[in-house]
Amino acid sequence: MKQAVGLNAVSPLEALSMFKIVILLFVVITGWVVLSGRTHIEDPHANFRNAFEGSSHSSNDYATAMFKVLYAYDGWSNVNYILNDVKNPVRTLKIAGPLGLGVVTILYMLANVAYFAATTKAEILESGVTVAALFFKNVFGNRAEKALAVFVALSFGIPSPHAAMSSPSLLQHLESTRNLRRKESHSPSATAFGLPTGQLKNHPY
């Protein structure tokens, strides 16, 4: 049926990616419900009063945070390795790149708002677990916190197939480039610095 309407079957990788988006949307919507005061969270707006109180003034802390953020978004670089397999890659990247990055950025920002609505600063600093785990525990209970471990495992499983798919493509491109250079180096018309290699010896410079 999907082929009849011009749609391709959804791959397991795409299904996992969509699952992650669904979880993020679930967290965001739950955060809105918490902020509305319709849950058992006593003061969901507590973290938003003097939100930057006690913030670090060390540039090292901000640099470390930036590296962690860059590492979290590291998977976006894999798209550059498989553009040869994409139809109309320039147009696709111009649209999909900003759109995908924008959607994910907004979702993660709203997810952080949800986390701060359901947890306190003291809990975040003293719990020793992830903020997402605290969020699920405070809103849904201990069982939900355990279920989150499954979601996290699936989430971490998403980047690996992307890397596994992009690495062979990159190696294939490097190999084809190397073979092309070998052919050019043995060709009588091969050039260096804009001149035929056979004429370099006779060049006055």
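What you see is a predicted model, and the numbers here were worked out from it, not measured in a lab.

A.B. asks: I would appreciate a short explanation of helix 5 (residues 131-140) in the present structure.
C.D. replies: Every α-helix carries 3.6 residues per turn, so stepping three or four residues along brings you back to the same face. A large share of helix 5 lies buried, amounting to 7 of its 10 residues. All of the buried residues along helix 5 are Ala132, Ala133, Leu134, Phe135, Phe136, Asn138 and Val139. After helix 5 finishes, the residue Gly141 shows a positive phi value of roughly 110 degrees.

A.B. asks: How should I be thinking about the confidence of the model for the protein chain in this particular structure?
C.D. replies: Should the pLDDT be low somewhere, the predicted coordinates at that spot are not to be read in detail. Scored by pLDDT, the protein chain comes out at a mean of 75, with 64% of its residues at no less than 70. Within the protein chain, the element-level pLDDT minimum falls on strand 2 (residues 195-196), averaging 43, and the maximum on helix 3 (residues 89-118), averaging 89. Under a pLDDT of 50 for its full length, residues 1-7 has, in the predicted model, 4 contacts with residues more than four places off or in other chains. Taken as a whole, residues 189-205 scores under 50 in pLDDT and shows 11 contacts with residues more than four places along the chain or in a different chain.

A.B. asks: What should I look at first to understand the packing of aromatic side chains in this one?
C.D. replies: Here a ring pair, both rings aromatic, is described through the centre-centre distance and the interplanar angle of the planes. Inspection of the entire model under this criterion finds 5 aromatic pairs. Consider the rings of Phe26 and Phe136, whose centres lie 6.3 Å apart with planes at 35 degrees: the pair is tilted. You can see Phe26 sitting in helix 1 (residues 12-35) and its partner Phe136 sitting in helix 5, a full 110 residues away along the chain. Look at Phe136 and you get buried, because its relative accessible area is 4%. Among the aromatic side chains, those forming a connected cluster through ring pairs are Phe26, Tyr115, Phe135, Phe136 and Phe140.

So, how was this worked out
- Residues numbered from 1 in each chain as written.
- Predicted model: local features only at pLDDT ≥ 70, side-chain atom pairs only at ≥ 80, totals over all residues.
- Heavy atoms only, no water.
- Buried < 20%, exposed > 50% of the residue type's maximum accessible area, 1.4 Å probe, protein only.
- Helix = DSSP H or I, 4+ residues; strand = E, 2+ residues; numbered from the N terminus.
- pLDDT = per-residue confidence, 0-100.
- Contact = heavy atoms within 4.5 Å.
- Phe/Tyr/Trp six-rings, centres within 6.5 Å; stacked < 30°, edge-to-face > 60°.

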